[in-house]
Amino acid sequence: MVAPALGLALCSTAGIGDADLAPPPALPRPPCEPSAVRKGLSIGAALLPGVVVHGAGHWVAGQPQTARRLLLLEGSSIAAAFVSLAGLVTTGASRYVVAPLALGALGGAGLFTTTWLSDLYGVAAPAGGTGRPLDSTRRLRIQTGLRAVRDPLFETRWLIAHGFELDAGSIRISPELQVSPDARHRRLAFLFDRRLSGERTDPGRHPRWQVDARFGVRDFKEGNEGFGTTTAELALRGRIDLELLGPTLAGAFGSAELGYAREWHRFRDLPGYSWDALLGRIGFGVYLGHRGDLRGQSTVAYDHRRDTVAGGLHLPGLPAGYAGYLEHRTEFNFHRNWGVAIDLAYGSAFVGGLYLLFNFGRGTS
Amino acid sequence: MKSEIVVHPLAVFLLIALVGVGCLDVAAERVARDQEVGRGEADGVRIEVRNGWAAVRRLDSTTLELWANAPEIQATLTFPNQTTERFQIRIRNTLPDAQLSLSRTDGAVVSLASVNTTIETERWVELEPEPNSSLLLEVSAPDSALQTPFEFLALADVQDAIGRVGQIFARMNRQKTARFVMFAGDITERGQADELERFQQEQRALRIPIFVTLGNHELGTSTLPYYDYFGRGSQSFSFRGARFTTLDSASATLDPQVYDWLDDWLEQGRDQAHFVFMHVPPIDPIGTRNGCFSSRAESNKLVARLARGGISAAVYGHVHSYYSFEHAGIPAFISGGGGAIPERFDGIGRHFLVFQVDPVGRSFRSRVVRVD
């Protein structure tokens, strides 16, 4: 349920739903494309020592300003993660401080990954990036598809997923249903997003950064095992086009979410109980395609939730239980109104989905 | 679109996922180790402990040493064609009043000579082995058939505080009627052999045995010496009409095989007071911390099974504090008071739990004993 819902959300945070989108203002490109040798050296530097010193690839590529910004962000991410982890250790993950400290650690780790991927992307991507946001209007998108599940602990192997996203400018509504063919496993979601802030641009232009508030209600029923969960959640979600950090990052974007959820668990013939959940998500993505209908986007994200089909990662050894799951989603429009999407989620289960997308009110520029 | 190399998020995802392939069945290797516990063969001498209720610490032509992980054990000991004159059997971590006996397959009792030991939880004997013989070894508790109330203790999460665990044992020794301690994981900081050895050395000061399961900190070394030192992670035994089940949740999940075992043990304990112990709890009362299972669906699956199986209580570790709560109507306790970095600001500190069990009424009372 959650993975496609988040996929929908990713689409929304990527600005696909914004009205009357227009191309973002062009940023200065490097005066000339680096030679093949320099590009190869840049990619190598982004890998090593770039995995440790973020921005190393951009230094070699002759983009010192972007390199400095990436290094600064990396330093911030390390500081945030270190302070948070130190706080978690010294307080024994006290119930009174664990939420902000866990978010700090998660945010630090996520930002660290994002700056490294940005360095790698910036030196490897073609001039102008891999693509730009969809420059079109779209009021309604319908998504329907099938998800395959590999979970050693549950019988469900297939889920039929269906949902739509209604975009009314600053408000977005995204209901969704996932159900197994025997209807024993059923997940419902109703997500409501409200734009709080974003870069002020011409009406309808794709904002290069934005912050949304999300209110969501989800319900999950597992009939084979006789339990279910209803979740109410509130979250802040943000997205930023990374070209704001430097021209070589055009076509890439980062996203983040933090929030709180309350879960009510129910059991057949047994008393239920409720508890809390911390919501946190951080992602990195790229736009695909520059013009025409052949356009899309691709993202990879870490999500701190454990209540999706994927569950949380089964980390071996000491960190067992503390991680959420990884998700990838790629969507691509092959026609004015039609597109396809795939998603892969990896936690305590493997989940892969294939979807058909239909966009109403879409037009290209 | 230009065809140049780009950092495609799918590639990043697949790289991470490929590294982690196999982690869906993260506890499978440990299930296999569980099934090997209690079996050994050396110099022609063979031992097989029923249900894996003891770890084989040493086996050669002259000595068998077992570490009991249950109040009573039965084992089959087989000698080869050629044997030594004397053979020593040393059983460690027994009830202080446990009785060790050996009998032949025809039921005849084998004569044993006791070896002196100052440790209350050891039984040490010598025998003259007969070539090509097979013996039934039994460690029994004199009160095992009683259905009268009794007391046991619960502890978890010692980790790097092994040097101070003697203080906890000293306080436990004051619980004169307690029969044994159930330990819900994280004996050590990294699960290394020297740490496990040291814990067992410290344990000599305790006058009652400790029956354990492992925690995530026992997974800190790839060779998992825990199984050689303590025995199974998942098992179930009965004592005085009550059932005790330990489950290996050290990876914040249970292996599918363990769910099958659990179904059997729940059925066996349906008419008994039944206490279940595991390290990582299926739920953490502080949900934003999530010191619990990786998947909330699995949390509910396990809790539902335990509740439908009619267990009396579940006791967990992992969180270094004390919580008492209910899930699906089951009383549950998190008690990680063994000395590992404590949860601050909770006013708990090092502690253990005392359970007084009435097997006939299938009821219990519990209380917290603070050590500091």
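Conventions used here
Residues numbered from 1 in each chain as written. Chains lettered and ligands numbered in written order. Predicted model: local features only at pLDDT ≥ 70, side-chain atom pairs only at ≥ 80, totals over all residues. Heavy atoms only, no water. Helix = DSSP H or I, 4+ residues; strand = E, 2+ residues; numbered from the N terminus. Buried < 20%, exposed > 50% of the residue type's maximum accessible area, 1.4 Å probe, protein only. Contact = heavy atoms within 4.5 Å. Areas by Shrake-Rupley, 256 points an atom, 1.4 Å probe, with all protein chains shown as cover. Core = buried A, V, L, I, M, F, W, Y, C linked by side-chain atoms within 4.5 Å. Pairing = 2+ DSSP bridges. Buried area = accessible area lost by both parts, 1.4 Å probe. Salt bridge = Lys/Arg side-chain N within 4 Å of Asp/Glu carboxyl O. Polar contact = N/O pair within 3.5 Å; in protein donor to acceptor, adjacent residues only side chain to side chain. Phe/Tyr/Trp six-rings, centres within 6.5 Å; stacked < 30°, edge-to-face > 60°.

Visitor: Provide a residue-level description of the overall build of chain A, including the pertinent values.
Guide: For chain A, the count of helices and strands is 5 helices and 12 strands. By the burial criterion, 58% of the 365 residues in chain A qualify as buried. Long-range pairs, those at least 24 residues apart, make up 61% of the contacts in chain A between residues at least 6 apart in sequence. Accessible area of chain A: about 13,500 Å², with a carbon and sulfur share of 70%.

Visitor: For the nonpolar core, give the residues involved together with the corresponding values.
Guide: Membership of the largest hydrophobic core comes to 49 residues, with the highest contact counts inside it found for Ile-89, Phe-152, Phe-180 and Phe-244 of chain B. Not counting residues within four places of it along the chain, the set of residues in contact with Phe-152 of chain B comprises Phe-180, Met-182, Phe-244, Phe-275, Phe-277, Leu-353, Val-354, Phe-355 and Val-357 of chain B. Formed by 45 residues, the second largest nonpolar core is a distinct cluster that contains Leu-88 and Phe-154 of chain A together with Leu-254 and Ile-311 of chain B.

Visitor: I'd love a proper account of the pairing of strand E21 (residues 363-370) of chain B, names of residues and values included.
Guide: Residue and element names in this part refer to chain B. Taken together, the 8 bridges between strand E20 (residues 351-358) and E21 define a ladder with antiparallel strand orientation. Looking at E21, one finds that Val-354 is bridged to Arg-367. Linking E20 to E21, which pair antiparallel, is a turn of 4 residues; within it Arg-362 sits at a positive phi near 50°.

Visitor: Quick one: what's the story with the interface of chain B and chain A, residue by residue and with numbers?
Guide: The parts lose accessible area when they come together, and the size of an interface is often stated as this lost area. With 69 residues of chain B in contact, the opposing surface of chain A contributes 72 residues. For the pair chain B and chain A, the two sides together bury roughly 5,800 Å², of which 67% comes from carbon and sulfur. For the pair chain B and chain A, the number of links is 6 salt bridges. Here Glu-225 of chain A makes a salt bridge to Lys-301 of chain B, at a shortest N to O gap of 3.3 Å. The interface formed by chain B and chain A holds 25 residue pairs in polar contact (both at pLDDT 80 or more) in total.

Visitor: Please provide a residue-by-residue account of the pattern of salt bridges, values included.
Guide: Side chains bearing opposite charge may pair, as long as their charged atoms lie close to each other. Under the counting rule described, the total for this entry stands at 44 salt bridges over all chains. Where Arg-296 of chain B meets Glu-263 of chain A, a salt bridge forms, and the shortest distance between an N and an O atom there is 2.7 Å. Residue Arg-296 of chain B is found in helix H7 (residues 296-308), and its partner Glu-263 of chain A is found in strand E7 (residues 252-267); the two belong to separate chains. Residue classification places Arg-296 of chain B among the buried positions, given a relative accessible area of 5%. A salt bridge links Arg-289 of chain B to Glu-343 of chain B; the nearest nitrogen and oxygen atoms lie 3.0 Å apart. Of this pair, Arg-289 of chain B sits in the loop between strand E16 (273-278) and H7 while Glu-343 of chain B sits in the loop between strand E19 (330-335) and E20, and the two are 54 residues apart along the sequence. Residue Arg-289 of chain B is classed as buried on the basis of its relative accessible area, which comes to 7%. When salt bridges that share partners are traced, they join Asp-167, Arg-172, Asp-193, Arg-195, Asp-212 and Arg-214 of chain A into one network.

Visitor: Describe the packing of aromatic side chains, with residues and values.
Guide: Residue and element names in this part refer to chain B. Following the criterion strictly, the structure yields 37 aromatic pairs over all chains and no others. Ring centres 5.1 Å apart and planes at 80° place the aromatic pair Phe-180 and Phe-244 in the edge-to-face group. Taken together, the residues span a long stretch of sequence, with Phe-180 in strand E12 (residues 178-184) and Phe-244 in strand E15 (residues 242-247) at a distance of 64 residues. Just as Phe-180 is buried, Phe-244 falls in that class too. Ring geometry for Phe-183 and Phe-199: centres 5.8 Å apart, planes at 75°, overall edge-to-face. One end of the pair, Phe-183, is in strand E12; the other, Phe-199, is in helix H4 (residues 193-202), and 16 residues separate them in sequence. Here Phe-183 matches Phe-199 in class, with each residue buried.

Visitor: An account of the environment of Glu-36 of chain B is needed here, citing residue identities and associated values.
Guide: Assignment of secondary structure puts Glu-36 of chain B in helix H2 (residues 28-36). C-alpha of Glu-36 of chain B to C-alpha of Thr-78 of chain B: the two residues are 42 residues apart in sequence and 17 Å apart in space.

Visitor: Requested: an account of the sheet that holds strand E8 (residues 113-114) of chain B, with residues and values cited.
Guide: Residues and elements named next belong to chain B. Spatially, E3-E4-E6-E9-E8 is the arrangement adopted by the 5 strands of the open sheet, whose pairing is mixed. With partners counted over all chains shown, the strands left at the sheet margins are strand E3 (54-59) and E8, one partner each. In this structure, strand E4 (residues 63-68) lies alongside strand E6 (residues 87-92), joined through 5 bridges in parallel fashion. Bridged to Thr-63 within E6 is Gln-88.

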